[in-house]
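Here are the chains, one letter per residue:
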Amino acid sequence: MGSAKPGGKILILAEDACAYPGADATGQGHMSYPADTYILRVKASVLFPEHFYLDCFDKGIAGIIIMSCGAETPYPGAYDALARRIDRVYALMKERGLDIRRLRLTAICTVCTRAFLKEVQQMHDLVSPLGPPGSERPAAA
Amino acid sequence: MVKKKKSLASPEPTPGGKVGVYVCHCGGNISDAVDVEQVCAQARRVPGVVVARDNMFMCSDPGQEMIIEDLKSGLVERVVVASCSPSLHETTFRNALVRAGGNPYVYEHANLREQVSWVHHGPEATAKATRLVAAAAAKAAQLKPLDPIRVEVRPRALVIGGGMAGLKAALELAERGQAVVLVEKSPFLGGQVAQLQELAPGGETAAAVIGELAGAVLQHPAITVYTCAQVEGFEGYIGNFKLKITRTSPESAEYSEKLERLSQSGCGPGEYVPFVGLMPAAIPESREEIDLEAGVIILATGMRPYQPRQGEYGYKDFPEVVTLPEFIRALAAAPAAGDTLVLHGRHIRGAALIHCVGSRQIPGIHEENPGGYLNEYCSRTCCAAILHAANLIKERHPQTKFFDFYRDIRTYGRGQEELYTRAAANQVLFFRFEAGEEPQILQNPDAKGSPLLVRVKDVLTFGEELEVPVDLVVLAVGQEPNNISDLVEKMKIPVGADRFLQEVHPKLRPVELSVAGILLAGTCQAPFGVGEACAAAGAAAVKAAAILSRGYVELDPFVAEVDLSKCTGTGACVEACLADGALAMVEMEVGGQKVQRARVNPVMCLGCGACVAVCPENAINIQGWTLKQFESMVDMIVSDEYLEQA
């Protein structure tokens, strides 16, 4: 599939209880996806403050996919708190002229291999033409 | 109650360094796609890495010995293994660190098989593997030894629910020498199984299985049973749950029919009554309160059959339309022999069976239930149950015809496919319908014929519209979880989108909830057959017994930790905390002044990190998963420095 070069790197925050095993299941099925993706295993994405995402973009990460457990998180209330935080991150991204599509909040289950592939491919397809963060025009948001 | 275990690490690793990287070929699974030698070569250039080695199978004894020797010699103090998924071998390698006399938590895992070599090929696979290893090394360099959280355990289990799963769990625990308290909301034991007669697919009677199980529970000296009992107060954590149980006389109408049936049966306490269950003790005359301490809790709160809306398949519009549980109850009063089944004095010449009622509901196609939800799941037991009933009747009353209307037949388990085959041999006639084109139940205009008509667009005859006159329609209703919102709220336990309780992991930790010490048994988790519910109950009981018999538990130390040198006492973390009692502001003396600072109760902390994100000073972190560690991982993912020098 895609190459790691054109669009920049995609960071995936994959929650340990759902999306990370989902990514493993994708691998177990030998289902290929773009290699510009770097999965970080996290207990819950609610851990990351707003500045973490902005810092990632500053460092050159082209896209971030938060693969949460959604409403089925083992930490009751975590998803709602996360969703509210991501809204705030979107506002900050707009202020900086970053295309908010670079950050995506999704829910991926332990067997959601198709959804995993779709999310990765969509982000890859987005960041490839978009280029590194900051290269878009402010109006893009 | 909570003790810090003696540190496993000695001596303390050097801050920020001496990382050993061990890359596995996985017998070619990794090295066929990833240039392992190149990964090692580049890993050696990552700051903090002192050695990078490879092995055909790192999980093999020689592979692990390689790590152990490097640790023992003092060459390395922190370890990164780059191999298959951590779900397979993270524990293996942590244990290797312990065998080397080290701390198991100065370990990080890089997933090069499931997330690299099995999904990428060529140079990009090696490049990605290198960055993931570098990221893992960057995290490992910052890891510090952690001590497991040791919690003493109260030597008692509480089982909530007196159906099959609850009874089975209680008995299994008691037979392992554990004290058990079983709490049942209703006056009866036996749960929904007591509403059945013969159980599919084997044909055992509900009376026999409940009688045997409940009898053994009631006779066991280690089990205390409270019926008419509910959990009103809950606090604590694994090993030390404190509960307030109240026993009250049930509301007048709630169980009046069952109590009436019990009274008519002439049976006394401890005797099984069909469609009632087994009442072990008299109903309390006044409110009783029981304070209880337990080390573990098993939830066996069960399910209820789906109750169709009025008009759904003609339910309650036509008296001849009944649910399967209602049909089973009517059968019990029917003559056991005769060419034709007779129900309530009516000869049943033809009966329609309709599958997937209240199950596999599709958004946009099916009407939402009164609570505004759809049951999108398959209830898994209804196909077998209704075909079992059809076979039973057909073999007793050969002149009664059965017409089976299904979307899919899901007789999935052992002995169940035989039910389907037997139904076909018994000349049950099958019709298949599509979702959204469910059979319609109409009044038969032919007053001399059967009272109802079932109209269906039959997939098996390529969409032909058929009308079948019948005397009875039986709806194979699915399973829904009992409403335990009060327990969910009190215990802060996760509920899935399907409203069943949500286990930590469906395969790897199938009877555990994310709240440590609370386990799942039976149909509160998902639709199960009786056998499956008992298997789950057995698993939960063994898990609970293991905790109780050890006398203490050691929890992973991945919980929040406050850095008092940074904490300014904003209280934001306490406000953001998702677990009651995990974080609190307490008064303490800092620099000679009394100040408010955050304090973590490590046993109550879920380790989610909701507190981490809101601290303006980053004074609180999850041990082993700190924000700085993640930031360093990102740094290594974006950095090209170590690549350029390779």
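Here's a quick rundown of the structure. (Residues numbered from 1 in each chain as written. Chains lettered and ligands numbered in written order. Predicted model: local features only at pLDDT ≥ 70, side-chain atom pairs only at ≥ 80, totals over all residues.)

All names here are of chain A. Spatial ordering of the open sheet is given by β2-β1-β3-β4, a layout of 4 strands whose pairing is parallel. Taken across any chain shown, the strands that pair with only one partner, and hence form the sheet edges, are β2 (37-42) and β4 (103-107). The average undirected angle you get between the axes of adjacent strands in this sheet is 20°. (Pairing = 2+ DSSP bridges. Helix = DSSP H or I, 4+ residues; strand = E, 2+ residues; numbered from the N terminus. Axes fitted to C-alpha atoms, helices over the stretch in contact; angles between N-to-C directions.)

This paragraph deals with the sheet that holds strand β3 (residues 49-55) of chain B. Residue and element names in this part refer to chain B. Reading across the sheet, the 4 strands line up as β3-β2-β4-β5 and stay open at both edges, with parallel pairing between neighbours. Each edge of the open sheet carries a strand with a single partner, namely β3 and β5 (107-111). The average undirected angle you get between the axes of adjacent strands in this sheet is 15°. Judged from the 5 bridges that link them, strand β2 (residues 19-24) and strand β4 (residues 78-83) form a sheet pairing that is parallel. Each bridged residue has a counterpart across the sheet, and for Val23 the counterpart in β4 is Ala82. Its contacts with the sheet place helix α5 (residues 123-140) against β2, β3, β4 and β5, and it is angled at close to 155° to β4. (Contact = placed C-beta atoms within 7 Å.)

Taken together, the contact between chain A and chain B spans 42 residues of the former and 43 residues of the latter. Contributing elements (two or more residues each) for the side of chain A that touches chain B: α1 (19-28), β2, α2 (50-59) and α3 (78-95) of chain A. Tallying contributions element by element places α1(A) first for the side of chain A that touches chain B, with 6 residues. Here the side of chain A that touches chain B is composed, by residue class, of 25 nonpolar, 10 polar and 7 charged. (Nonpolar A, V, L, I, M, F, W, Y, C, P; charged D, E, K, R; others polar.)

Residue and element names in this part refer to chain B. In this model, Ala200 is joined to Pro201 through a cis peptide bond whose omega is -5°. For Pro201, the location among the structural elements is in the loop between β9 (198-199) and β10 (204-205). Positioned with a positive phi, Cys356 is a non-glycine residue whose angle comes to about 60°. Tracing the chain through its elements places Cys356 in strand β22 (residues 350-357).

Residues and elements named next belong to chain B. Counting 263 residues, the largest nonpolar core has Val21, Val80, Val133, Ala137, Ile298, Val473 and Ala521 as its most contacted members. Sorting elements by how many residues they give to this core places helix α13 (residues 530-550) first, with 11 residues. When residues no more than four places from it in sequence are discounted, the contact partners of Val21 are Cys40, Ala43, Val49, Ala52, Val80, Ala82, Val133 and Ala137. (Core = buried A, V, L, I, M, F, W, Y, C linked by C-beta atoms within 7 Å. Buried ≥ 20, exposed ≤ 12 C-beta atoms within 10 Å, placed from the backbone.)

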